[in-house]
Amino acid sequence: MKISKIINFLLSILIILFSILFALFFWTIYQDYNIQDTAKLVDISENQKEIKIAVEQKNETEVLEMEPPTGTKQSNEKNNNVNSNKFYYNQLDSYSKLIYESLEKQKENLKKGTETIRLPEKIKDILEEENIEAIFSAAINAFEYDNPDIYYIDMSKLVLYYESYSTGKYNIYLKKDEQYQNYLNNTFSSEEDIKTAQVKINTIVNEIQANIESLETDYDKILYIHDWITENIKYDETLNKTNRNDIYGAFIEKEVTCGGYAKAFKYLADKLNIDCIIIQGKATSDEKTENHAWNYIKLSNNWYGVDCTWDDPIIIGSNGNEEKQKYYTYFLKGKEAFNNHKPFETFWDTKIKINYPELSNNNYN
């Protein structure tokens, strides 16, 4: 009788212990998988560089319009000793740099168009900030302008996605918007397409480099790439070509807008290990001011302005056909000759100031 009671008692204890273990097991699963406090998408618009945050809920989606950032303290001193390959990266705040670095580490995988980019968990510190869209916009634009070889990504197809858990854990990603098959631009549908495109670009660029090899001075090399661009590339007056703003449009389609000219010039200068950066701003001609892109390039320890777009005007000949003529109005010019070109003082639609190198007082002689 006593043995029976003892056995029943022990069984009761075992049942209680198993119940506790069972409850703890499912509580762990609940914590890790089922307690998702927020899941947010941040859309990055290529044209306006605006970001919207959609807060996903079970029954509705709220879209929050965000204000620009307040900016950060930066030196107003001009810096002529810049790393031109990381020029815009060096202007970013610490959070934007983390986003830029994450993209840079996955540079090859971006060619797949579907790769999800894991971001450092430290990014969680800014997820509720009002200027989150500006931080991401600055990082992505800096990455694009420091790396003209990234011609195949449509940034508007990327979204920031994050999940937060009551445990304090965050999963933060850049990934393709679900409404698209990939985040490649419309010219490319696969990594194979990009590999094929790169072979075509390499063929042209290798030919240019072969012609430059016999030139002795950096001045002659810069002159050659300026002339090649203005002689071989045409301005896209339709403003609707997919690659009008990248090096594929410049080297393969040979029809771009100012951004394509500037990226092609930097791409070639980078190949020659000559410091060169892309500048965006406002330019004025014939009393008309418009958004524009051009280059600063370093020669003999001084910086000069180069605008291949405006050195490639459309000339209509006497027979009514377009004719090419060589112009050097905006080739290796100092600050006075380039005073109708005004760089944007801040990153696109943000208040993060950009510290540009100062142009030489004089034109290059």
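Position numbers for residues start from 1 in each chain and track the written sequence from start to end. Predicted model: local features are reported for residues with pLDDT of at least 70 only, side-chain atom pairs are reported and counted for 80 or more only, and whole-chain, interface and lining totals are derived from all residues. As a convention, hydrogens and water are excluded, and side-chain values are obtained from all of the structure's heavy atoms.

Trainee: Report on the sheet that holds strand E9 (residues 276-285), specifying residues and quantitative values.
Mentor: Only strands that DSSP links by at least two bridges are regarded as paired with each other. Strands are runs of DSSP state E lasting at least 2 residues, helices are runs of H or I lasting at least 4, and numbering of each runs from the N terminus. Judged by pairing direction, the sheet is antiparallel, and its 4 strands sit side by side in the order E11-E10-E9-E14 without closing on themselves. A single partner strand is all that each edge strand has here, and the edge strands are strand E11 (302-306) and strand E14 (341-343). Sheet twist, expressed as the average angle between the axes of neighbouring strands with direction ignored, equals 40°. Summarising the sheet, E9 and E14 pair through 3 bridges and their orientation is antiparallel. Residue pairing across strands places Gly 281 opposite Pro 343, the latter belonging to E14. Angles run from 0 to 180 degrees between N-to-C directions of axes, and those axes are lines fitted to C-alpha atoms, restricted for helices to the stretch in contact.

Trainee: Break down the pattern of salt bridges for me, with residues and values.
Mentor: What counts as a salt bridge is simple: a side-chain nitrogen of Lys or Arg found within 4 Å of a carboxyl oxygen of Asp or Glu. If you walk through the whole model with that rule in mind, you get 14 salt bridges. Linking Lys 175 and Glu 178 is a salt bridge whose minimum nitrogen-to-oxygen distance equals 3.9 Å. Judged by its relative accessible area of 59%, Glu 178 falls in the exposed class. What emerges from the salt-bridge pattern is a single network uniting Lys 122, Lys 124 and Asp 125. A 1.4 Å probe rolled over the protein chains alone gives each residue an accessible area, and that area as a share of the maximum for its type sets the label: buried under 20%, exposed over 50%, partly exposed in between.

Trainee: Before we move on, could you go through the environment of Tyr 330 and cite the residues and values that matter?
Mentor: Tracing the chain through its elements places Tyr 330 in the loop between strand E13 (322-323) and E14. For Tyr 330, a relative accessible area of 13% puts it in the buried group. For Tyr 330 and Trp 310, which are 20 residues apart along the polypeptide, the C-alpha to C-alpha distance reads 7.0 Å. A contact between two residues is defined here by any heavy atoms of the two lying within 4.5 Å. Apart from the residues within four sequence positions on either side, Tyr 330 is in contact with Gly 305, Val 306, Asp 307, Trp 310, Asp 311, Ala 337, Phe 338, Asn 340 and His 341.

By themselves, these are just geometric observations and shouldn't be taken as functional.
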